[in-house]
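Spelled out from the first residue to the last, the chains are:
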Amino acid sequence: MGHRLGLRRIHDGQARRRARSATQRETRAGPNDHLGVLLSTYATSVILAATEGHEGEGGFHTPSIADFFPSGILFEGTIFQIDRLWIIRIIATIVLLSVFIIAARRAKIVPGRFQAGVEYLLDFVRVQIGEEILGKDNAKRFLPMLTTIFVTILAFNLTGIIPGLNLAATSRIGVPLLLALWVFVTYWAVGIRKHGLGGYLKANLFPPGVPWPIYFILTPIELLQILIIRPGSLMVRLVANMVAGHIMLVLCFAATQFFLIDSAGSGLMVFGVLTLPAGIFMTLFELLVAFLQAYIFALLAAVYINMSLEEEH
């Protein structure tokens, strides 16, 4: 510990000497050198402010992967551990179920705004995903699954921009993995039921119209696709987008707090004018991404199911 403190004092002393030297150069500089010296002095001030902030309790704290693995609240260290992300998922599930229960119980022939909003969401899944990909007949069969996937992912994604929650419930692998496995089992079951196991594997692994030597390359790739690539791409795409979005939001707002509050009265406050609008923009962008990822997941689920129902690929 003493060694680290000694190194920190040496580092801080060197930084302060560089700052004084820069100030002296600014005094001697001519008009042509004034801008460069000013920028150098300002950059040194940024380093000093960040160093001093880290010495105390304040300072700029960057987001990390640890944000997605909060400490346990109950049963820590077991498979039944309850943490902040687990509670966020429960809250999102309760709110989602409440919305649909209230809409169903208060349903009227002439819908109000609340009922119209819920119906619009359901019609979007039915028309733009189900009927567009599967056709009207097959869409009725798989509509409950596609609707559940879409509204669950949408609700869980939106928790990332809700104050007090601030963490997407899909930003850890569990929920995306469960939904991807559901899609995986479904398109396999549908294909086997429609074509039989042999027919399903033949249709996917040996597509017609391909020269037979190409099968030595194509068949292993197709096998990996129906076993790993399809569900894996669903899962990884969703998690990666939610993790990236959370990191960008935390980075913008943590920087805003550092520049406007922790560094109040210093020249660093000017950077808060940039990071605060950036945080607001990223929040709106995450709202779009939350909807887009729910749509893509449900859309690809419908595409994979439809591919299992087709006679040829």
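Keep in mind that what you see is a predicted model, and the values were worked out from it rather than measured.

Trainee: Just checking my understanding: could you explain the overall build of the chain for this structure?
Mentor: Across its full length, the chain carries seven helices and zero strands. Split into buried and exposed, the 313 residues of the chain put 36% on the buried side. Taking all contacts inside the chain whose residues are at least 6 apart in sequence as the whole, residues at least 24 apart take part in 68%. If you sum the accessible surface of the chain, you get close to 18500 Å²; carbon and sulfur atoms cover 69% of it.

Trainee: Looking at this structure, how should I read helix α3 (residues 84–105)?
Mentor: Side chains of residues three or four places apart in an α-helix project in the same direction, reflecting 3.6 residues per turn. Here α3 is 22 residues long and its end C-alpha atoms lie 32 Å apart, about the 32 Å a rise of 1.5 Å per residue gives. Restricting attention to buried positions, one finds in α3 the residues L85, I88, R89, A92, L96 and A103. All buried residues of α3 lie within an arc of 100 degrees about the axis, which places them on one face of the element. Away from its buried face by more than 90 degrees, α3 exposes L97 and R105. Tucked into the core, α3 has its buried residues touching α4 (113–158) and α5 (174–205). Among the residues of α3, the N-terminal cap falls to D83, whose side-chain oxygen and the backbone nitrogen of L85 are separated by 3.2 Å.

Trainee: Which parts of the structure should I look at to understand the packing of helix α6 (residues 215–262) against helix α7 (residues 269–309)?
Mentor: Contact geometry for α6 and α7: axes closest at 8 Å, N-to-C directions at 170 degrees. As summarised for this structure, α6 and α7 are arranged roughly antiparallel, according to the angle between their axes. The residue makeup of the contact of α6 with α7, split by class, is 23 nonpolar, nine polar and three charged.

Trainee: Sorry, what's going on with the environment of N241 here?
Mentor: Locating N241 in the fold gives a position in helix α6. The spatial distance from the C-alpha of N241 to the C-alpha of N157 is 9.8 Å, given a sequence separation of 84 residues. Leave out the neighbours within four places in its chain, and N241 touches E286, V289 and Q293. Reaching out from N241, the side chain makes a polar contact with the backbone oxygen of R237 at a distance of 2.7 Å.

Trainee: I'm lost on the nonpolar core in this one. Help?
Mentor: Grouped burial of nonpolar side chains is what soluble globular proteins tend to show. In terms of nonpolar packing, the biggest core is built from 50 residues, with I149, F150, V183, Y187 and F297 touching the most fellow members. When residues of this core are traced back to their parent elements, those giving at least two are α3, α4, α5, α6 and α7. Top element by residues in this core is α4. It accounts for 14 residues. Among residues more than four places away in sequence, those in contact with F150 are L121, F124, V125, I129, F291, A294, Y295 and A298.

Trainee: It is not clear to me how the packing of aromatic side chains should be interpreted in this structure. Could you clarify?
Mentor: The geometry of an aromatic ring pair comes down to the distance between the two centres and the angle between the two planes. A complete count under the given rule lists 13 aromatic pairs for this structure. Here F124 and Y295 contribute two aromatic rings whose centre-to-centre distance is 5.7 Å and whose plane-to-plane angle is 50 degrees, an arrangement assigned as tilted. Here the residue F124 occupies a position in helix α4, and Y295 occupies one in helix α7, the gap between them amounting to 171 residues. Looking at F124, the relative accessible area reads 18%, which means it is buried. Ring centres of Y187 and Y304 lie 5.9 Å apart, and the angle between their planes is 65 degrees; on these two criteria the pair is classed as edge-to-face. Remark: Y304 occurs in helix α7 and Y187 occurs in helix α5; sequence separation between them is 117 residues. Judged by relative accessible area, which is 0%, Y187 ranks as buried. In textbook terms, an aromatic cluster arises when at least three aromatic residues are bridged by ring pairs, as seen for F184, Y187, W188, Y200 and Y304.

Trainee: Looking at this structure, how should I read the pattern of salt bridges?
Mentor: Side chains that differ in sign of charge can pair as their charged atoms come close. Using the criterion set out here, one finds three salt bridges in the structure. The salt bridge partner of R126 is D123, with a shortest N-O separation of 3.4 Å. Of this pair, R126 and D123 both sit in helix α4, separated by three residues, roughly a single helical turn. Taking relative accessible area as the criterion, D123 reaches 37% and is therefore assigned partly exposed. Residues joined by salt bridges that share partners form a network here, namely D123, R126 and E131.

Trainee: How should the confidence of the model for the chain be read in this particular structure?
Mentor: For the chain, per-residue confidence averages 83 on the pLDDT scale, and residues scoring 70 or more make up 80% of the total. Counting contacts from residues 1–12, a segment whose pLDDT is below 50, to residues more than four positions away or on other chains yields four contacts. Segment residues 22–57 is flagged for pLDDT under 50; beyond a separation of four residues in sequence, or across chains, it makes 33 contacts in the model.

Parameters at a glance
Residues numbered from 1 in each chain as written. Predicted model: local features only at pLDDT ≥ 70, side-chain atom pairs only at ≥ 80, totals over all residues. Heavy atoms only, no water. Helix = DSSP H or I, 4+ residues; strand = E, 2+ residues; numbered from the N terminus. Buried < 20%, exposed > 50% of the residue type's maximum accessible area, 1.4 Å probe, protein only. Contact = heavy atoms within 4.5 Å. Areas by Shrake-Rupley, 256 points an atom, 1.4 Å probe, with all protein chains shown as cover. Expected span 1.5 Å × (residues − 1). Arc of directions from axis to C-beta. Polar contact = N/O pair within 3.5 Å; in protein donor to acceptor, adjacent residues only side chain to side chain. Axes fitted to C-alpha atoms, helices over the stretch in contact; angles between N-to-C directions. Parallel < 35°, antiparallel > 145°, perpendicular 65-115°, else oblique. Nonpolar A, V, L, I, M, F, W, Y, C, P; charged D, E, K, R; others polar. Core = buried A, V, L, I, M, F, W, Y, C linked by side-chain atoms within 4.5 Å. Phe/Tyr/Trp six-rings, centres within 6.5 Å; stacked < 30°, edge-to-face > 60°. Salt bridge = Lys/Arg side-chain N within 4 Å of Asp/Glu carboxyl O. pLDDT = per-residue confidence, 0-100.

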